[in-house]
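Each chain, letter by letter, is given below.
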Amino acid sequence: MEWANQLCENRQFGSKMTDSKYFTTTKKGEIFELKAELNSDKKEKKKEAVKKVIASMTVGKDVSALFPDVVNCMQTDNLELKKLVYLYLMNYAKSQPDMAIMAVNTFVKDCEDANPLIRALAVRTMGCIRVDKITEYLCEPLRKCLKDEDPYVRKTAAVCVAKLHDINAQLVEDQGFLDTLKDLISDSNPMVVANAVAALSEIAESHPNSNLLDLNPQSINKLLTALNECTEWGQIFILDCLANYTPRDDRESQSICERVTPRLSHANSAVVLSAVKVLMKFMEMLPKDLDYYSTLLKKLAPPLVTLLSAEPELQYVALRNINLIVQKRPEILKHEMKVFFVKYNDPIYVKLEKLDIMIRLASQANIAQVLAELKEYATEVDVDFVRKAVRAIGRCAIKVEQSAERCVSTLLDLIQTKVNYVVQEAIVVIKDIFRKYPNKYESVIATLCENLDSLDEPEARAAMIWIVGEYAERIDNADELLESFLEGFHDESTQVQLQLLTAIVKLFLKKPTETQELVQQVLSLATQDSDNPDLRDRGYIYWRLLSTDPVAAKEVVLAEKPLISEETDLIEPTLLEELICHIGTLASVYHKPPSAFVEGSRGVMHKRLPARTGSGESTESPDVGAAGGSAPEAAPSIIPSQGDLLGDLLNLDMAPPTTSGPPPPSTGMQMGGMDLLGGGLDSLLGGDIGGSPAMGAGFGAAPAVMPASLNAPVGGGLGDLFDLGGVGMPMGAYIPPKIVWLPAMKAKGLEISGTFARRAGVIQMELILTNKAMSVMTDFAIQFNRNSFGLAPAGPLQVLTPLGPNQTIEVSLPLSTVGPVMKMDPLNNLQVAVKNNIDVFYFSCQYPISMLFVEDGKMERQVFLATWKDIPNDNESQFQIKDCHLNSDAASSKLQGSNIFTIAKRTVEGQDMLYMSIKLSNGIWVLAELRVQAGNPNYTISLKCRAPEVSQCVFQCYEAVLKN
Amino acid sequence: MIGGLFIYNHKGEVLISRVYRDDIGRNAVDAFRVNVIHARQQVRSPVTNIARTSFFHVKRSNIWLAVVTKQNVNAAMVFEFLYKMCDVMASYFGKISEENIKNNFVLIYELLDEILDFGYPQNSETGSLKTFITQQGIKGQTKEEQSQITSQVTGQIGWRREGIKYRRNELFLDVLESVNLLMSPQGQVLSAHVSGRVVMKSYLSGMPECKFGMNDKIIIDKAGKGGVTNEAGKSTSGKQSIAIDDCTFNQCVRLSKFDSERSISFIPPDGEYELMRYRTTKDIILPFRVIPLVREVGRTKLEVKVVIKSNFKPSLLAQKIEVRIPTPLNTSGVQVICMKGKAKYKASENAIVWKIKRMAGMKESQISAEIELLPTNDKKKWARPPISMNFEVPFAPSGLKVRYLKVFESKLNYSDHDVIKWVRYIGRSGIYETRC
């Protein structure tokens, strides 16, 4: 049957197998010949001639000279010929307006024709002729046609109003066509309704503030009815129009959604996408606790997935839109990762888009699969795709912490392939991984440095330079490496130049002695030999900073960098909202608002998602932005892509710093090469050695208390804290004052200070957590490294409520001594890891060993004597406690509070000898002899212990207890 | 909306150019040719923006169809329209080739005038278009005929004309599935899905109401609950029914009815059309399993062994089996031994192509090949493209079964029993790949 049809058609068009000849004529005098043919008496010849004219027109030849002759052929009852002439008219009428008038009569006559197809054809064509005089004549026929009895004519007339509006908007208004058009929305024929909607929507776009479409529940109802009956294209017009409506409340919103969801099963992808747009928009208004809300979410996933089995071009449009939907409502497709796996034969544009969505959907649950796929892709042929796959691996590392290690090793494997662009791409992403997980993967730096020579792309070079500068202290030949880049400084791109400048300044601040020459060289290259203003400005600022206040320079240039955001290319929320309102359209393909690519007044109006306004009892505050759920929490930590200038400058192209700006420059600042090595430099060098007062306060004082955290650039302010000593309980156990263990700048805004106490036989770690960041902190947890006495948390860290910005919370954590043991240096050092929703932070602190003195540490006298003798004299250590003004009894009772028990007291020659015993939680006994001489503020203490290592700590305890 | 439509040949010469909007100038034709058709690099996107003008294109053999616009047009609609335009042209004059387009350019202009108005797609149903765009003129029509045409073009049932008569009422249903697979070298299914189509050829008189039923899990479960006992319901739905992830329907199907009752009812177009498309991902019968073994022997030799196993009823026969084993670009020679069928190394396609005409279910066959390689200094590793497979099996890999297709035509005197119905299942390979 089908074959028969085909045969039939072939026969039907067989006669025209020669039409292609019209495309071949290129001889001279052609126009003249055509003219003669057009004026021929024979109909067939005329028709052939018009065909030739149209063919010439198509290929771009100017056949406007034939205008009068072609128009003469218009008066015909041969519809085919008529259509050809009309086609010609539409093309050339504008260039020959005077002659176009000749056609008017025929048009007007045709508009009265008995055949509806001819009436429609006439009104359709007239609307396409942009000549004022014709337009005037169009009004009357159009008015008639809008009310024609035949729906075919009415639907054509509806579109014609939009055409006329495009030519002369005023005329349309004056003639009252808009009202007639509005009436057509209630037409009985669905196609008329659809075209009227399309025309009105287009006209409304150029009058953003007119209430032309006047959508109200009644008209919406009409549209929804027509939606079920009209053609696929009509459904698109209606859905696109519906998307502009804002329902009055959530009930109306829901009822519209219910009537739109069946469209998700339409075979036409555009109908599906437009329906998705309406649903995504109206969903904003539904309360989230509504059952229907979750039903709707579930209904959206399958049709979106189905779009991926469409033709590749449509897949592309669908994927660009899914990219938006995934950002707005990640929950819809979170379980559909597999459908975005790239197929070998997908066109490249589909592959790239799929990859993007894969990364957005990557989570701890599916990361293994995703990584396996990405690794596969990184070996493909297409360079862009491979690059993007490598980049994706890096993004996975940043997004899913658990996978970071595997990602890094995958990247290293890829670097080993030595494929140039793979190596470069890998280095760019490894830089970001370093930023996200500082002090974790630096061991790979050596491998990276091996590939230095193969880097020829600015981004990779800049990344490598950043790495060298950032880890200058760990790379032995950092100066040589950077110097090698300096040779071709002026041939580098700006990105590389800026990075090189910063990296060398960093290097200088870290290794000032060896790199003076280098830094001078780069500063002069940047400031004197470059005409790039950005580079020059940065050069000058570094120069001034270094010469004025090198300490400040250090604080600024080596400042802690804020955390890097997981999603680096999220669309900005307001733009995302606008784009959601444009699902299915070009704007959603470009990911740009229409105003960015549409000229004139159209599309300038910014669309927004509706705010949620409840009709019933459940009125919540409108939370448009928060609708996505996860977005707002992360917001403060996201690095703006175009950072402010200051941030850009200080933070070395990466991100703005959390610290405040540079200190105000001192007066009398001078510029010049020599100045650099003047006073400023001296104090810089001094600072490092410990001579500078500002640095001295920090570095000099710190080691006494927390030697383990020497690396921490403790600010000068820390010194003050030592004076703040908490009030110890005079007779109870000694509790050292709380000190800052983890400064906020080291821990992304989390500050931890604390101390240890022994209360009623239980060791407590007492912590003060302060949130100095902008975002809420939750999910706190704590862990200890193995330590000398097996200290371990006896329970979880009890931070039940989230810690808001500028909030402080005190917690005490009971500790047990049954954890794993490892000898630490110093003995009482404790390494702690604290985790919260942002990151994991490490610090170390020292606990007073007196925390470990148990309550049953009082030894029998005999045992004491025997033990004392038994312990070899080599194990005895003697210490002096200076400036202690207590008498022996007071000292004894004070020590008892800390479980240091006096067993016997002897007075020899006015000198009190106190014999004491201490038992540590791990069963080690410490025996002590304290000699106190009346009037002498200096005590002598001898400690004897089978494990002499503890003596030093025990002595510190004595000192601390007695002096407080 | 759509500003214009151009059709080019492979050289970039314009075959058809129709501009609907004033903001599109003649230079747009050239812009697309220069920036896309003649572009040095491969086209990276089907949507291109050149000087604030957007171009959408699709390619059919070596013909380029491009839509141009300066507005924020519905992009999905544009592509759907382009595909539809291709369908319409194909149904009028067959293959879309330069020659056919040149031979039918007047017809194409006439079609473009009808199916796009001011850039808005109008009626694009070939069924109704053919009633009045015939290239024969419409002189002879009576007034009744004319209004019948216009009411069909604009009406609710634009896809079917009134007054169709057949002596023999007959319908054919084809369940056509393509089964897609991506398998890891270790035999783990990375992704698998079936995309199926139900294609109907209807030769029915009048305006028949049809109702289509299949073993959709949701329907069967519903029926099971309402039926005798829950137990019985479960036993029938156990293997008999399938879970359909999603389906889309021809515009003749009443979607709101499907949404509320999940029943598929419609008045069919006359002749052949696609009733529905569906997708399933659960419990797919994978008709073949490919087990690859690639061994690199030094730098100049590869040993490849591939076993295929058929996994369906032994009484059924798979046909047109083809296994494509990719070979490296620097292959100098290949020796193949296969147990069944014919295998050949095709240098131009960089692959060994192994063809087997027929293979019954639960069988196994094997091919082994030695690939000689030319030594190269190319550092880049061979990407090892996946082994792909083609086949055709006489069942639906998704497990879909047609339960009924009922026809009601109240006005004419034939009943459901009088209609001769045919059902056929064909499962084909889609992208059926095993990584090696």
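Everything numeric in this text was worked out from a predicted model, so none of it was measured.

Draft legend 1. Focus on the overall build of chain B. If you tally the helices and strands in chain B, you get nine helices and 23 strands. Residues counted as buried form 56% of the 436 residues belonging to chain B. Partitioning the contacts of chain B with sequence separation of at least 6, the portion at a separation of at least 24 is 71%. For chain B, the computed accessible surface area is about 19400 Å², with 50% contributed by carbon and sulfur atoms.

Draft legend 2. Fine view of the sheet that holds strand S9 (residues 876-881) of chain A. Residue and element names in this part refer to chain A. Across the sheet, five strands lie side by side as S9-S13-S12-S11-S10; this open sheet has antiparallel pairing. Each end of this open sheet is capped by a strand with a single partner; those strands are S9 and strand S10 (901-908). Pairwise comparison of adjacent strand axes, ignoring direction, gives a mean angle of 20 degrees for this sheet. Across six bridges, S9 lies against strand S13 (residues 939-945) in antiparallel orientation. Its bridge partner being in S13, Glu876 is matched across the sheet by Lys944. Strands in contact with helix H42 (residues 951-963) are S9, strand S11 (911-919), strand S12 (925-933) and S13; relative to S9, the strand with the most contacts, it is inclined by about 25 degrees.

Draft legend 3. Spotlight on the packing of aromatic side chains. Summed over the entire model, instances satisfying the criterion amount to 32 aromatic pairs over all chains. Seen in terms of ring centroids, Tyr590 of chain A and Phe597 of chain A are 5.0 Å apart; in terms of plane orientation they differ by 80 degrees. Their pairing is edge-to-face. Here a set of aromatic residues connected by ring pairs shows up, and it is made of Trp741, Phe756, Phe789, Phe843 and Tyr847 of chain A. In this arrangement the basic side chain of Arg21 of chain B is found over the ring face of Phe118 of chain B, its NZ or CZ atom lying 3.4 Å from the centre. Against the face of Tyr404 of chain B rests Lys406 of chain B, its NZ or CZ located 4.3 Å from the ring centre.

Draft legend 4. How the structure looks around a positive patch on the surface. All names here are of chain B. Side chains of Lys342, Lys344, Lys355, Lys357 and Arg358 sit close together on the surface and give a patch of like positive charge. Counting only elements with at least two residues in the positive patch, the list comes to strand S18 (342-346) and strand S19 (351-360). At three residues, the largest contribution of residues to the positive patch is made by S19. With respect to the secondary-structure elements, Lys342 resides in strand S18.

Draft legend 5. Highlighting a negative patch on the surface. On the surface, Glu480, Glu483, Glu487 and Glu517 of chain A cluster together into a patch of negative charge. Examined against the element boundaries, Glu480 of chain A turns out to sit in helix H27 (residues 478-486).

Draft legend 6. Layout of the side chain of Ser40 of chain A. All names here are of chain A. Note that Ser40 resides in the loop between helix H2 (30-38) and helix H3 (43-58). What makes Ser40 buried here is its relative accessible area of 15%. For Ser40, the residues in contact, after removing those within four places along its chain, are Lys45 and Lys46.

Draft legend 7. Up close: the packing of helix H5 (residues 79-92) of chain A against helix H4 (residues 105-115) of chain B. Packing of H5 of chain A against H4 of chain B brings their axes to within 10 Å, and their N-to-C directions diverge by 75 degrees. Considering their axes alone, H5 of chain A and H4 of chain B lie roughly perpendicular with respect to each other. Together, Glu80, Lys83, Leu84, Leu87 and Met90 of chain A of H5 of chain A and Val106, Tyr109, Glu110 and Asp113 of chain B of H4 of chain B make up the contact between the two elements. Here the residues of the contact of H5 of chain A with H4 of chain B are counted per class, giving five nonpolar, no polar and four charged.

Draft legend 8. Local environment of H27 of chain A. Residues and elements named next belong to chain A. Ala478, Leu481, Leu482, Phe485 and Leu486 are the residues of H27 that are buried. Buried residues of H27, viewed axially, fall in a sector of 150 degrees; they line one side. Buried residues in H27 make contact with helix H25 (445-450), helix H26 (458-470), helix H28 (494-510) and helix H29 (516-527).

Draft legend 9. Layout of the interface of chain B and chain A. Facing 102 residues of chain B, the contacting portion of chain A comprises 114 residues. Around 9300 Å² of area is buried between chain B and chain A when both sides are counted, 55% of it from carbon and sulfur atoms. Where Glu373 of chain A meets Arg435 of chain B, a salt bridge forms, and the shortest distance between an N and an O atom there is 3.0 Å. The tally of links from chain B across to chain A stands at 42 residue pairs in polar contact (both at pLDDT 80 or more). Of the residues that constitute the side of chain B that touches chain A, the class distribution is 42 nonpolar, 33 polar and 27 charged.

Draft legend 10. Spotlight on the nonpolar core. The biggest cluster of nonpolar side chains holds 286 residues, and the ones touching the most others in it are Tyr88, Leu142, Leu333 and Phe434 of chain A together with Phe56 of chain B. For this core, the element with the most residues is helix H2 (residues 75-93) of chain B, which contributes 14 residues. Among all residues touching Phe56 of chain B, those that are not within four sequence positions of it are Leu586 of chain A together with Pro46, Val47, Leu65, Ala66, Val67, Thr69, Val73, Ala75, Val78, Phe79 and Leu82 of chain B.

Draft legend 11. Fine view of the environment of Trp382 of chain B. All names here are of chain B. Tracing the backbone shows Trp382 in the loop between strand S20 (364-373) and strand S21 (387-393). In this structure Trp382 comes out as partly exposed when scored by relative accessible area, which is 25%. Sequence separation between Trp382 and Thr327 is 55 residues, and the spatial gap between their C-alpha atoms is 9.1 Å. Contacts of Trp382, omitting those with residues within four sequence positions, involve Leu302, Pro326, Thr327 and Pro328.

Draft legend 12. Structural context of the sheet that holds strand S5 (residues 792-793) of chain A. Residue and element names in this part refer to chain A. The strand order across the open sheet built from five strands is S1-S2-S3-S6-S5, with neighbouring strands paired in antiparallel fashion. Edge positions in the sheet fall to strand S1 (739-742) and S5, since each has one partner strand and no second. With two bridges connecting them, S5 and strand S6 (residues 808-816) associate as antiparallel partners. Residue Pro793 lies in a different strand from S6, and its bridge partner there is Leu815.

Draft legend 13. Inspection of the pattern of salt bridges at higher detail. Residue and element names in this part refer to chain A. Applying the stated criterion across every chain yields a total of 72 salt bridges over all chains. The shortest N-O distance in the salt bridge between Arg395 and Asp356 comes to 4.0 Å. Linking Arg395 in helix H22 (residues 383-399) with Asp356 in helix H20 (residues 348-361), this pair joins segments that are 39 residues apart in sequence. Arg395 gets classed as buried once you look at its relative accessible area, which sits at 14%. Counted as one network, the salt bridges with shared partners bring together Arg387, Arg391, Glu425, Glu457 and Glu459.

Draft legend 14. Structural context of the confidence of the model for chain B. All names here are of chain B. Per-residue confidence for chain B averages 88 on the pLDDT scale, and 94% of its residues sit at or above 70. A low-confidence stretch, residues 227-238 stays under pLDDT 50, and its non-local contacts, those more than four residues away or across chains, total seven contacts. In the predicted assembly, ipTM is 0.83 and pTM is 0.69.

Procedures and definitions
- Residues numbered from 1 in each chain as written.
- Chains lettered and ligands numbered in written order.
- Predicted model: local features only at pLDDT ≥ 70, side-chain atom pairs only at ≥ 80, totals over all residues.
- Heavy atoms only, no water.
- Helix = DSSP H or I, 4+ residues; strand = E, 2+ residues; numbered from the N terminus.
- Buried < 20%, exposed > 50% of the residue type's maximum accessible area, 1.4 Å probe, protein only.
- Contact = heavy atoms within 4.5 Å.
- Areas by Shrake-Rupley, 256 points an atom, 1.4 Å probe, with all protein chains shown as cover.
- Pairing = 2+ DSSP bridges.
- Axes fitted to C-alpha atoms, helices over the stretch in contact; angles between N-to-C directions.
- Phe/Tyr/Trp six-rings, centres within 6.5 Å; stacked < 30°, edge-to-face > 60°.
- Lys NZ or Arg CZ within 6 Å of the ring centre and 35° of its normal.
- Patch = residues over 30% accessible without salt bridge, like charges linked within 9 Å, V, L, I, M, F, W, Y side chains within 5 Å.
- Salt bridge = Lys/Arg side-chain N within 4 Å of Asp/Glu carboxyl O.
- Lys, Arg positive; Asp, Glu negative; His and termini not counted.
- Charge placed at Lys NZ, Arg CZ, Asp CG, Glu CD.
- Parallel < 35°, antiparallel > 145°, perpendicular 65-115°, else oblique.
- Nonpolar A, V, L, I, M, F, W, Y, C, P; charged D, E, K, R; others polar.
- Arc of directions from axis to C-beta.
- Buried area = accessible area lost by both parts, 1.4 Å probe.
- Polar contact = N/O pair within 3.5 Å; in protein donor to acceptor, adjacent residues only side chain to side chain.
- Core = buried A, V, L, I, M, F, W, Y, C linked by side-chain atoms within 4.5 Å.
- pLDDT = per-residue confidence, 0-100.

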